[in-house]
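Per-entry structural report
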Amino acid sequence: MYTQALSLEKQQNTSQEDPERLSRFQARIDAEERIEPTDWMPAAYRQTLVRQISQHAHSEIIGMQPEGNWLTRAPSLKRKLQLTAKIQDEAGHGLYLYGAAETLGVSREELVGQLLSGKAKYSSIFNYPTLSWADIGAIGWLVDGAAIMNQIPICRCSYGPYARAMVLICKEESFHQRQGYETMMALARGTPEQKDMAQDALNRWWWPSVMMFGPPDKDSVHSEQAMRWKIKRFTNDELRQKFVDATVPQAKYLSLEIPDPELAWNEATQHWDIGPIDWDEFWRVVKGDGPCNRQRLAAKRAAHEDGAWVREAAEAFAAKRAARRTVPIAAE
């Protein structure tokens, strides 16, 4: 499939500027048809998908680190089992997404190499530290909640393999969100010290979660074209507003305070208005200067190097099996 996709990509690069072919492609998108790996597609459509899917996959893999930090310090066996299961889910999500990206003619090795070199990006949210057990609850409630808000529309993405991968991923992310909210509820209803810990986690994770949807629409480079191709279904600001509207009542139910003095209900729009977002911080973290950027990549590079022997053994075993299949059977 990978070789076929590469060959197909070469054909597309020679014809992508054909206005008639581009028009037919857009007509399929407008008619809500799914684009499959063997279908013709503009090179820019392919590149947009590779960028988005790989960034999503990298985020799932790097996102295991801040939670893995608490596996040995979970407060009970139940919580440890829950967290272990969640981290395993995230590893699976990364594999699903790398597989979807491979259908576009890019190898997994290339994608991982881009991550390790720092060329590829992942969600800026995972460059913040987990300082207490409450952070695990806040990540499930806020970070996974924001992810669900962003990812459910991708189940209707115009590219078939990506859309199908997202169906299972969203089901599991929904469970992660509920698990995180239940953890925050237990803390918020616990001792004063536990409630303070929950509030502190909310204070630190609220704004990074709001930033997860990306820059404002006026500054978004890719949104307009992605919307036209129906890779995205909602703009960054629309998704951000949906998240705020859903999350504020949840915080009120927990008797926790959203750390935004300008938060207010707008009767005219029937939405919650929030204060200004610190976009300087967002871009600083995206560009590699967040609290844990270097730590996250260093840990991933070390894990990749430590696992080299596993990859080499797997390749040797595959070569050995292939050689056996080519050996002729001696005549009796």
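Quick note: structure is the one above.
To keep things clear, this report deals only with the structure shown in the data block. Keep in mind that what you see is a predicted model, and the values were worked out from it rather than measured. (Residues numbered from 1 in each chain as written. Predicted model: local features only at pLDDT ≥ 70, side-chain atom pairs only at ≥ 80, totals over all residues. Heavy atoms only, no water.)

**Quick notes on the overall build of the protein chain**
A count of helical and extended segments in the protein chain gives 14 helices and 2 strands. The C-alpha radius of gyration of the protein chain comes to 22 Å, within 12% of the 20 Å expected for a compact globule of 332 residues. At a minimum sequence separation of 6, the contacts of the protein chain that also span at least 24 residues come to 77%. For the protein chain, the accessible surface area stands at approximately 17000 Å², while carbon and sulfur atoms represent 56% of it. Computed over 41 positive and 44 negative side-chain charges, the separation of the two mean positions in the protein chain equals 5 Å. (Helix = DSSP H or I, 4+ residues; strand = E, 2+ residues; numbered from the N terminus. Rg over C-alpha atoms; globule rule 2.2 N^0.38 Å. Contact = heavy atoms within 4.5 Å. Areas by Shrake-Rupley, 256 points an atom, 1.4 Å probe, with all protein chains shown as cover. Lys, Arg positive; Asp, Glu negative; His and termini not counted. Charge placed at Lys NZ, Arg CZ, Asp CG, Glu CD.)

**Description of the packing of aromatic side chains**
One pass over the full model with this rule turns up 12 aromatic pairs. Ring centres 5.0 Å apart and planes at 75 degrees place the aromatic pair Phe25 and Tyr45 in the edge-to-face group. One end of the pair, Phe25, is in helix H2 (residues 19-30); the other, Tyr45, is in helix H3 (residues 43-62), and 20 residues separate them in sequence. For Tyr45, a relative accessible area of 0% puts it in the buried group. Three or more aromatic residues link up through ring pairs in this structure, and these residues are Phe25, Trp40, Tyr45 and Trp229. One cation-aromatic arrangement involves Arg73 over Trp70; the distance from NZ or CZ to the ring centre is 3.9 Å. For the cation-ring pair, Lys242 lies above Phe234, with the distance from its terminal atom to the ring centre recorded as 4.8 Å. (Phe/Tyr/Trp six-rings, centres within 6.5 Å; stacked < 30°, edge-to-face > 60°. Buried < 20%, exposed > 50% of the residue type's maximum accessible area, 1.4 Å probe, protein only. Lys NZ or Arg CZ within 6 Å of the ring centre and 35° of its normal.)

**Re the packing of helix H5 (residues 77-102) against helix H6 (residues 108-117)**
Their axes nearest at 9 Å, the elements H5 and H6 cross at an angle of 115 degrees. Handedness of the crossing formed by H5 with H6: right-handed. Between H5 and H6, the residues in contact are Leu95, Tyr98, Gly99, Ala101 and Glu102 and Arg108, Leu111, Val112 and Leu115, respectively. (Axes fitted to C-alpha atoms, helices over the stretch in contact; angles between N-to-C directions. Left-handed = near helix turned anticlockwise from the far one by under 90°.)

**A look at the environment of Glu257**
Among the secondary structure elements, Glu257 is positioned in the loop between helix H11 (236-253) and strand E1 (264-266). Considered as a pair, Glu257 and Ser174 are 83 residues apart in the sequence and their alpha carbons are 23 Å apart. Excluding residues within four positions of it along the chain, Glu257 makes contact with Gln199, Leu202 and Asn203.

**What about the pattern of salt bridges?**
Inspection of the entire model under this criterion finds 16 salt bridges. Notably, a salt bridge pairs Asp135 with Arg204, separated by 2.6 Å at the nearest N-O pair. With Asp135 in helix H7 (residues 133-151) and Arg204 in helix H9 (residues 192-211), the pair connects residues that are 69 residues apart, well separated along the chain. In this structure Asp135 comes out as buried when scored by relative accessible area, which is 0%. (Salt bridge = Lys/Arg side-chain N within 4 Å of Asp/Glu carboxyl O.)

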